[in-house]
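What follows is the residue order along each chain.
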Amino acid sequence: MSATPAWPPKSAPRLFVSPPLSPGETRAIDGPAAHYLARVMRVAPGDAVILCDDATGEWAARVASAGRRDVTVEVVERLRVREEVPDLTLCAALLKKDRFDLVLEKACELGVRRIAPVITHRCVADKLNLERARAVLIEAAEQCARTALPVLEAPVKLGALLAAWEADRTLFFADEVRDGQPAALAFARPGPAAILVGPEGGFDDGERGAIRALPSARAVSLGPRILRGETAAIAATALWMGVTGDWCGASSVPPGK
Ligand code: SAH
């Protein structure tokens, strides 16, 4: 049976799998994904499953068999191609694990294309478990029905990030010390964008000077209160999505303005 408005049901479990999918193939699913399908969702042969592969898009599949440890599905047909999410990179200074996990999860839900963790002088954490971070992003993408996973870069020091900056990407620098332009006004600007947010202790003066020296940098204010790093990262991303991202269909900023 091919996809109809009623099939697969919206409630069908959604999973990211690799390698890329193709119509008619039978795919064996094992590990945590199989456990989730078999033990949590208790799928049975004939049940619908929605599969994404972060390459070709989203597919409707049907359970062929469901054991305790593995599930096989038949790929029926493609429902959506892999989407183009808005070209926003979140450059977030590393925070304590739980707080950075929150940033990863919310940035994924909010639709960022890329996440570039940054190491600054005052970061409490100086490394990131990339495998765990990727698992957070996959789970968030499954929950929010993204067909494209955010690209997760390895953490880089602020100096290296700035030295390698792409000239055509605006770097909105969330500066809680010196007044930047109100973010809602600054974000109304077409083109590739990035938002840079500091750690619990903020940026030091040397870092602030280096960021402001970047021609593509624009200092922005997120209001009169000092936000926690995770709040600033999440709030700024949401605001950008509302002003320029895909929360209002086509970009709200007419091209060339
Ligand atoms: N210096 C702060 C701590 C940093 S807040 C303090 O005195 O407690 C963490 C990060 O969130 C900052 O580095 C900045 O990037 C961002 N941020 C917080 N509040 C902000 C605001 N009102 N405007 C712009 N950025 C802000």
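Scroll up to find the structure this text is about.
This section reports on the structure supplied with the text.

Calculation criteria
Residues numbered from 1 in each chain as written. Predicted model: local features only at pLDDT ≥ 70, side-chain atom pairs only at ≥ 80, totals over all residues. Heavy atoms only, no water. Helix = DSSP H or I, 4+ residues; strand = E, 2+ residues; numbered from the N terminus. Expected span 1.5 Å × (residues − 1). Buried < 20%, exposed > 50% of the residue type's maximum accessible area, 1.4 Å probe, protein only. Contact = heavy atoms within 4.5 Å. Salt bridge = Lys/Arg side-chain N within 4 Å of Asp/Glu carboxyl O. Pairing = 2+ DSSP bridges. Axes fitted to C-alpha atoms, helices over the stretch in contact; angles between N-to-C directions.

In this section: helix α7 (residues 229-243). In a regular helix each residue adds 1.5 Å, so 15 residues correspond to 21 Å; α7 covers 21 Å between its end C-alpha atoms and thus fits that length. Looking at α7, one finds that the buried residues are Gly229, Glu230, Ala232, Ala233, Ala236, Thr237, Trp240, Met241 and Val243. Those residues of α7 hidden inside the fold are in contact with β6 (88-92), α2 (97-110), β11 (170-174), α5 (183-186) and β13 (193-197).

Time to look at the pattern of salt bridges. All told, the structure shown has 19 salt bridges when counted by the stated rule. With a closest N to O distance of 2.9 Å, Arg169 and Glu166 form a salt bridge. You can call Arg169 buried: its relative accessible area is 6%. The exposure class assigned to Glu166 is partly exposed, which follows from its relative accessible area of 33%. When salt bridges with common partners are traced through the structure, they connect Glu84, Asp87, Arg113, Glu166 and Arg169 into a single cluster.

What follows covers the sheet that holds β6. The strand order across the open sheet built from seven strands is β9-β7-β6-β13-β11-β14-β12, with neighbouring strands paired in parallel fashion. Single-partner strands in this sheet number two, and they are β9 (151-152) and β12 (181-182). In this structure, β6 lies alongside strand β7 (residues 114-115), joined through two bridges in parallel fashion. Within β7, the residue paired with Leu90 across the bridge is Ile115. Contacting β11, β13 and β14 (217-221), helix α6 (residues 205-212) runs over the sheet at an angle of about 150° to β11. Set on the sheet, α7 makes contact with β6, β11 and β13; between it and β13 the angle comes to about 160°.

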